Amino acid sequence: MIEITEPARSAIKTAIDGAGQPVAGLRVMVQGGGCAGLKYGMALELEQQPDDAIIQAGEVTILIDPESQAHLSGTTIDFVTGLEGSGFVFENPNASRSCGCGKSFC
């Protein structure tokens, strides 16, 4: 469904390891909002939901709710570090356009 690059897996594992409590996985979601209409969201989850899509990416578990699955199909999530900082980057073939921040699309 989605691809998680090695740098992204490493960043996710670091976040999970630093959570201080057992974590079921990282939830990747699409929400309304942002400058282009939809925006990506990520959050550590303590429990998975029965209708979540579960993706095992190396040592990390990714959880995706049913509403977000269609928007994220075929997406690659990477983690990049550059002069302007570091963060997750989404390469989404379903996005018809995106904004300059890279976190919003339609």
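For the structure itself, look to the data block above.
Report on the accompanying structure. Computed from a prediction, not measured in an experiment: that's the story for all the values here. (Residues numbered from 1 in each chain as written. Predicted model: local features only at pLDDT ≥ 70, side-chain atom pairs only at ≥ 80, totals over all residues. Heavy atoms only, no water.)

### Considering the overall build of the chain
Inference 1: Each helix and strand in the chain was counted, giving two helices and eight strands.
Inference 2: In the chain, the succession of helices and strands from N to C terminus is β-α-β-β-β-β-α-β-β-β.
Inference 3: When each of the 106 residues of the chain is scored for burial, the buried share is 37%.
Inference 4: In the structure as shown, the chain presents an accessible area of about 5900 Å², 50% of it carried by carbon and sulfur atoms. (Helix = DSSP H or I, 4+ residues; strand = E, 2+ residues; numbered from the N terminus. Buried < 20%, exposed > 50% of the residue type's maximum accessible area, 1.4 Å probe, protein only. Areas by Shrake-Rupley, 256 points an atom, 1.4 Å probe, with all protein chains shown as cover.)

### Observations regarding the sheet that holds strand β6 (residues 76–82)
Inference 1: Ordered by their spatial adjacency, three strands build an open sheet running β1-β6-β7, and the pairing between neighbours is mixed. Only two strands of the sheet have a single neighbouring strand rather than two, namely β1 (3–4) and β7 (85–91).
Inference 2: Sheet analysis places β1 next to β6, joined by two bridges and oriented parallel. Looking at β6, one finds that Glu3 is bridged to Thr76.
Inference 3: Relative to the sheet, helix α1 (residues 6–17) contacts β1, β6 and β7, its axis offset from that of β6 by approximately 80°. (Pairing = 2+ DSSP bridges. Contact = heavy atoms within 4.5 Å. Axes fitted to C-alpha atoms, helices over the stretch in contact; angles between N-to-C directions.)

### Notes on the packing of aromatic side chains
Inference 1: Applying the stated criterion across every chain yields a total of two aromatic pairs.
Inference 2: Summarising the aromatic geometry, the rings of Phe79 and Phe88 are spaced 5.0 Å apart at their centres and angled 70° between planes, so their arrangement reads as edge-to-face.
Inference 3: Residue class for Phe79 comes out partly exposed when judged on its relative accessible area of 24%.
Inference 4: Classification of Phe88 by relative accessible area gives buried; the value is 19%. (Phe/Tyr/Trp six-rings, centres within 6.5 Å; stacked < 30°, edge-to-face > 60°.)

### Some words on the side chain of Thr76
Inference 1: Residue position: Thr76 is located in strand β6.
Inference 2: Setting aside residues no more than four positions away along its own chain, Thr76 makes contact with Glu3, Thr5, Val89, Phe90 and Glu91.

### Remarks on the nonpolar core
One broad trend across soluble globular proteins is that nonpolar side chains are buried collectively.
Inference 1: Ranked by size, the top nonpolar core spans 20 residues in total, and within it Ile2, Ile4, Ile12, Ile62 and Ile77 carry the most contacts.
Inference 2: Those elements that provide at least two residues to this core are α1, β2 (25–32), β4 (53–57), β5 (60–64) and β7.
Inference 3: With four residues, α1 is the single largest residue contributor to this core.
Inference 4: Leave out the neighbours within four places in its chain, and Ile62 touches Ile2, Ile4, Ile12, Leu26, Val28, Ala53, Ile54 and Ile55. (Core = buried A, V, L, I, M, F, W, Y, C linked by side-chain atoms within 4.5 Å.)

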